[in-house]
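What follows is each chain in one-letter form.
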Amino acid sequence: MARTPPAASSPASSPTAPTLTATHSPSPDSAAAHERPRTARVWLLALTVFLVGIDENICTGILPAISSGLNVSMASAGQLTTVFSAVFALWAFTMAAWLSRHSRRRALIVALVVFTLSNLAATFAPGYATLFAARIAMGASCATIVLLCSRLATEITPPDYHGRAVGIIFMGISASLVLGVPLGMTLEHWAGWRAVFAAIALASAPLVFVLWRALPSSTPPAALTLRAYVRALAQPRRLAAQGVTIAMLGGHFTLFAYLVPYLQSLLAPSPDTMSLLFLAFGVAGVAGAWLGGWAADRAGPVASLLGCPSLFLVAMASVPLAAMTVTALGGDVWQVALFLVAMMVWGALSWSISPVVQNFLIRTAPQDAEANVGVNVAAMHVGVALGAGAGGALVDANALGLTPWVGCGLVALSVVYAWMATRTPRPKP
């Protein structure tokens, strides 16, 4: 993949380059300092992904309202998350090569327009089938947006900032849980679930013009080839790293996609309390996204890839264990507080995996970064679809209480994949 050289790599490329001492070239530290202001654009991209995160996760928060409003079962309403993720995964994988031939700014603007229109379609959907179709369009547009924002974030930042840059992008998604999903749940309580999609459409429309003005016009990067995809999928260690994403997020969404009915069966919270629980979960998620990016840069790609799914397995297992304490001991304030802490730790670690895996892929195979990240964005939502589908099957079988344990089984598989991705091949004799 053709990589954009740092803007401060030569005096002529920097507007603040020395004019009197031409014999001195900028130091690496100076070059990084000149590139740091570009991270402001990363935060703008994170704001864009923030709205995508609301669209992706909002059905989890308003699942009962959609179910009753459209007169469909809870499991059928849950499939709105499944189809979103399935389309997201397929679209991200198949369209990455096409997107590599076009200006990223132009492609991002087109995707935002489709995103806005699909949310308007959901707002006025007369029935389940129309809403299902709108979710398909949302999944495709959101895949394009996340894929482009992830790559733009690494292209406009120095190499030693790549993990944190990707972490900032996924902070946008996790921040949607802090503000977007709880506010969406509150808005649904006041004005109905259709108002949620209308609000997302209204918020995304101005970003079309803001991003057009803020992002630079650039020539398309080197086009992806079939050979790059073959390398991304045929190399065992990289394929195992993709498996970490699929298995860990699959385990997470086995419970998370049905977290509202799970919490209702456990704590029977009021709508306002439910919003506060999602707020706490989202605050933890923002911290986790940043922590994942920081760990990827500081601990290194191998150590962070090994540690993240292992810690997440412990955190996810603590959720049903804390729930058992609440139900067994009557649910006084201390047991509920223990459950809340367990849920927040689980939420924090769930959002750390994306920057960890993408940094591992970029660092271990920079020549195939474009293809590897494209495959990983698809892998993320294969995991989401897998988890939401597994959770839906359990809910249909009246086994809601088993969702966290089945999820832990998938997360345990991600630990195995992490070991496979990081083990050093034995030298051939």
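Residues numbered from 1 in each chain as written. Predicted model: local features only at pLDDT ≥ 70, side-chain atom pairs only at ≥ 80, totals over all residues. Heavy atoms only, no water.

Considerations on the overall build of the protein
- Looking only at helices and strands, the protein features 17 helices and zero strands.
- The proportion of buried residues among the 429 residues of the protein is 56%. (Helix = DSSP H or I, 4+ residues; strand = E, 2+ residues; numbered from the N terminus. Buried < 20%, exposed > 50% of the residue type's maximum accessible area, 1.4 Å probe, protein only.)

Let's talk about empty space enclosed by the protein
- According to the stated counting rule, one finds two cavities of 30 Å³ or more in the structure shown.
- Taken as a whole, the largest cavity spans an internal volume of roughly 90 Å³.
- Every residue along the wall of the largest cavity is listed here: Glu56, Phe170, Ile173, Leu249, Phe253, Ser350, Trp351, Ile353, Ser354, Met380, His381 and Val384.
- Of all the secondary-structure elements, those providing two or more residues to the lining of the largest cavity are α7 (162-191), α10 (236-256), α15 (353-364) and α16 (369-396).
- It is α16 that contributes the most residues to the lining of the largest cavity, three residues altogether. (1 Å grid on protein atoms, 1.4 Å probe; cavity = no way out; pocket = protein on both sides within 12 Å on 5 of 7 lines; lining within 4 Å. Points joined across faces, edges and corners; volume = space filled by probe spheres on them.)

A few points about helix α8 (residues 193-214)
- Counted at 1.5 Å a residue, the expected span for α8 with its 22 residues is 32 Å, and the 33 Å between its end C-alpha atoms agrees.
- In α8, a bend of some 25 degrees at Val208 exceeds every other bend along the element.
- Among the residues of α8, Trp193, Val196, Phe197, Ile200, Ala201, Ser204, Leu207, Val208 and Leu211 are the ones counted as buried. (Expected span 1.5 Å × (residues − 1). Bend = angle between axes of the 7 residues up to and from the residue.)

Some points on the environment of Leu249
- Structurally, Leu249 is set in helix α10.
- Along the backbone, Leu249 and His381 are 132 residues apart, and their C-alpha atoms lie at a distance of 8.1 Å.
- When sequence neighbours within four positions are dropped, the list of residues in contact with Leu249 reads Ser350, Ile353, Met380 and Gly383. (Contact = heavy atoms within 4.5 Å.)

So, the nonpolar core
- In this structure, Phe339 and Trp346 are the most contacted members of the largest nonpolar core, which totals 113 residues.
- Looking at this core element by element, the count peaks at twelve residues for helix α6 (residues 128-155).
- Excluding residues that lie within four positions of it along the chain, Trp346 makes contacts with His252, Leu255, Phe256, Leu259, Phe281, Phe312, Ala315, Met316 and Val319. (Core = buried A, V, L, I, M, F, W, Y, C linked by side-chain atoms within 4.5 Å.)

Notes on helix α17 (residues 403-422)
- Counted at 1.5 Å a residue, the expected span for α17 with its 20 residues is 28 Å, and the 29 Å between its end C-alpha atoms agrees.
- Among the residues of α17, Thr403, Pro404, Gly407, Cys408, Leu410, Val411, Ser414, Ala418, Ala421 and Thr422 are the ones counted as buried. Down the axis of α17, the sector holding all buried residues measures 165 degrees, keeping them to one side. (Arc of directions from axis to C-beta.)

Some thoughts on the environment of Leu211
- In this structure, Leu211 sits in helix α8.
- Taking the C-alpha atoms as reference points, Leu211 and Arg106, 105 residues apart in sequence, are found 9.7 Å from one another.
- Filtering out sequence-adjacent residues up to four positions away, Leu211 remains in contact with Leu44, Thr48, Arg105, Leu108, Ile109 and Leu112.

Things to note about the confidence of the model for the protein
- Predicted confidence across the protein gives a mean pLDDT of 78, with 80% of residues reaching 70 or more.
- Per-element confidence in the protein is highest for α17, whose mean pLDDT is 93, and lowest for helix α1 (residues 28-35), whose mean pLDDT is 40. (pLDDT = per-residue confidence, 0-100.)

A look at the packing of α10 against α15
- The interhelical angle for the contact between α10 and α15, taken along N-to-C directions, is 175 degrees, at an axis separation of 10 Å. Classed by the angle they form, the pair α10 and α15 counts as roughly antiparallel. Contact residues: α10 offers Arg237, Arg238, Ala241, Gln242, Val244, Thr245, Met248 and Leu249, while α15 offers Ile353, Val357, Phe360 and Leu361.
- Split by residue class, the contact of α10 with α15 holds eight nonpolar, two polar and two charged. (Axes fitted to C-alpha atoms, helices over the stretch in contact; angles between N-to-C directions. Parallel < 35°, antiparallel > 145°, perpendicular 65-115°, else oblique. Nonpolar A, V, L, I, M, F, W, Y, C, P; charged D, E, K, R; others polar.)

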